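If you want the building blocks of each chain, they are given just below.
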Amino acid sequence: MSSEQFLYSQVEQAIVERIRRGALLPGQRLPSLRALSRRMGMSLATVSQAYAELERKGMVEARPRSGYFVRPAMREPKPPVCSPSLASTPREVTRAALIRSVLDALGRTDLLPLGVSLPQSELLPIKALSRCLTEVMRSRASRALDYEPVTGYPELLRQIVMLDMDNGPAAPGELVITNGAMEALHIALRCVTRPGDNVIIQSPTYYCFLQLLESLQLRAIEIPSCPEGGIDPASLDQALHSFSVAACVLTPNFNNPDGSLTSEEAKAEIVELLARRSIPLIEDEVYAELHFGPSRPPSCARYDKQGLVLTCSSFSKTLAPGFRVGWLRPGRFHEQALAVKITTNVCTASPMQIAVAEYLRSGAYTRHLRRLRQRLAEQAATMRLAIGRHFPPGTRVTSPRGGMQLWLELPGEADGIEYFRRARAERIGVCPGSIFSARDGFRSFVRICCGNIWSEEMEKGLKTLGRLAGELTG
């Protein structure tokens, strides 16, 4: 994204946020181009481009000789209601078949990819990464074709530590480079559990976590996650008192699929509750860098004094999904993690590790993240308002503060699995809510991702999804 594009995107996001908060109401006139130009210190051309983009997205309308107005049909959907519930009893996970049918959308170009939680390639630094990879293969081919240490390429380890200095002291020797965050989670679970163990997860949770528990023959205990506040430590405490627990797998920062952010105080309490019983916490941090606010929320690792927090993350959601470069900070389980890594794939692909390290060393990653966050926040707000325009009354949708997914509740008793199938028939990918839980919950929910740049195709796709929702709800 050029600096000029970044400026008009800032103006656009400011207007979208005012519409979302109700500061600009449907039918209300927007500030004139000249007035907003003076107020924001932007050029007339920049403000004009932002207004044109808002009009293209159907959020405002231009009236001859009158200016720009918020479209009368703009309706801000309400968030899903979170009802307090107790932890579920331990149960085996049996979601593999449905999950496989959802994962069939990966890599397909004939579907509108609203079911895949990835940033569109145009939002990623493709040219810069290509240059890094080309330079690696040109000048360091012998190293790129050889094995790296089991722990990972030393310079990459150093760069990751520098990125994550806010979450407690760390050294490169404390990390292990993995093939994406999923391998990190797999290694972490292998370190701290055995078949038949009970593992606490939040509900809803990322469906691949459930698939991983199923493949390792682990049983899930679900505690509620609320879109507005994340995990309540009281629910965790109740589960710990009721059941024997081997480990806990949570995504406190922008949980997939509900986008929830657990408060800083709750994170500290969660770490303390688990530490009293010496229960490991496996923390998924893959979305933490995609915050819409001014600063990155802290991870649970910041409050860990016993080495019981195993932190997993990757560059798949922020930089290069296909590179499959992730990492694990296994705490006191470092030796066990290395043993598991050696017996799975020895080490992560060398060319990708070196290229990512070179990109990070250039200093461009921080600038890229700032722009990516801006676009994702803008796209999430635009999609929420489009859902308000096209979906039937009673539809509820989250208003996340980071990440790239919207958790949508259809009105009435609509079946999310049937909705998924009908959407697939229209060549649109979504994820049914049922796959985000090991029990029969969230049947009227679907997850829609907002990693794609807004376009006429996106508008048309959401309009079709709204029509399908209307048909299912009568």
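Reading guide: rules and limits
- Each chain has its residues counted from 1, running along the sequence as written.
- Note on the predicted model: pLDDT of at least 70 is required for a residue's local features to be given, and 80 or more for side-chain atom pairs to be given and counted; whole-chain, interface and lining totals, by contrast, use all residues.
- Here the side-chain values reflect all heavy atoms present in the structure, with hydrogen atoms and water set aside.
- UniProt positions are given in the numbering used here, feature names are shortened, and annotations may be inferred rather than shown by experiment.
- Strands are treated as partners if at least two bridges between them are detected by DSSP.
- The helix and strand labels rest on DSSP assignments: H or I over at least four residues marks a helix, E over at least two residues marks a strand, and numbering proceeds from the N terminus.
- Residue contacts follow a heavy-atom distance rule, with two residues in contact if any of their heavy atoms lie within 4.5 Å.
- To get an axis, a line is fitted to the C-alpha atoms, and for a helix only the part in contact is used. The angle between two axes follows their N-to-C directions and goes from 0 to 180 degrees.
- Working rule for angles: under 35 degrees goes down as roughly parallel, over 145 as roughly antiparallel, 65 to 115 as roughly perpendicular, anything else as oblique.
- Each crossing gets its handedness from the near helix: less than a right angle anticlockwise from the far helix is left-handed, clockwise is right-handed.
- Asp, Glu, Lys and Arg are counted as charged, while Ala, Val, Leu, Ile, Met, Phe, Trp, Tyr, Cys and Pro are counted as nonpolar; the rest, among them Gly, fall into the polar class.
- When a carboxyl oxygen of Asp or Glu lies within 4 Å of a side-chain nitrogen of Lys or Arg, that pair is called a salt bridge.
- Exposure is judged per residue with a 1.4 Å probe applied to protein chains only, and the accessible area is read against the type maximum: over 50% gives exposed, under 20% gives buried, and values in between give partly exposed.
- Each domain's limits were defined by an automated method or a database of domain assignments.
- Buried area is calculated as the accessible area (1.4 Å probe) missing from two parts once they are joined, with the contributions of both summed.
- Whenever two N or O atoms come within 3.5 Å, that pair is a polar contact, provided that in protein one can donate a hydrogen and the other can accept it, and provided that, for residues adjacent in sequence, both atoms are side-chain atoms.

Under the Sequence similarities (unreviewed entry) heading, UniProt states for the chain: "In the C-terminal section; belongs to the class-I pyridoxal-phosphate-dependent aminotransferase family."

A. The arrangement of the sheet that holds strand β15 (residues 445-449) in detail. The strand order β12-β13-β15-β14 describes an open sheet built from four strands, whose pairing is antiparallel. Edge positions in the sheet fall to β12 (396-397) and β14 (431-432), since each of these pairs with one other strand and no more. The sheet contact formed by β14 and β15 spans two bridges and is antiparallel. Across the sheet, C431 pairs through a bridge with R447, a residue of β15. Taken strand by strand, helix α14 (residues 364-390) contacts β12, β13 (405-409) and β15, and its axis lies near 20° from that of β13.

B. Examining the packing of helix α7 (residues 154-163) against helix α13 (residues 350-361) more closely. Here α7 crosses α13 at 45°, and the two axes come no closer than 8 Å. With respect to their mutual orientation, α7 and α13 come out oblique. Between α7 and α13 lies a crossing whose hand is left-handed. Across from E155, L156, Q159 and L163 in α7, the residues of α13 making contact are Q353, V356, A357, L360 and R361. Tallied by class, residues from the contact of α7 with α13 come to five nonpolar, two polar and two charged.

C. Geometry of the pattern of salt bridges. In total, this model carries 23 salt bridges according to the counting rule given. The closest approach of N and O atoms between E135 and R138, which form a salt bridge, is 2.9 Å. Of the two residues, E135 and R138 both sit in helix α5 (residues 126-139), three residues apart, roughly one turn of that helix. What makes E135 partly exposed here is its relative accessible area of 34%. With a relative accessible area of 62%, R138 lands in the exposed category. A cluster of three or more residues bridged by salt bridges with shared partners is formed by E418, R422, E426, R467 and E471.

D. How the structure looks around unusual backbone geometry. Cis geometry marks the peptide bond from S203 to P204; its omega dihedral reads 10°. Structurally, P204 can be placed in the loop between β5 (198-203) and α9 (207-215). Despite not being glycine, V346 has its phi angle at roughly 65°, a positive value. Tracing the backbone shows V346 in the loop between α12 (334-344) and α13. Judged by relative accessible area, which is 36%, V346 ranks as partly exposed. Despite not being glycine, R427 shows a phi value in the positive range, around 65°.

E. Representation of the domain arrangement of the chain. Along its sequence, the chain is carved into domain 1 (20-70), domain 2 (94-122 + 371-472) and domain 3 (124-365). Between domain 2 and domain 3, the residue contacts involve 35 residues of the former and 31 residues of the latter. With both sides pooled, the region where domain 2 packs onto domain 3 buries about 2800 Å², and carbon together with sulfur makes up 62% of that total. Contact with domain 3 buries surface across domain 2, with R373, R401 and F436 losing the most and accounting together for 23% of the total. At the junction of domain 2 with domain 3, the criterion picks out two salt bridges. A salt bridge links E289 to R373, with the nearest nitrogen and oxygen atoms 3.2 Å apart. Counting every contact that joins domain 2 to domain 3 gives 12 residue pairs in polar contact (both at pLDDT 80 or more).

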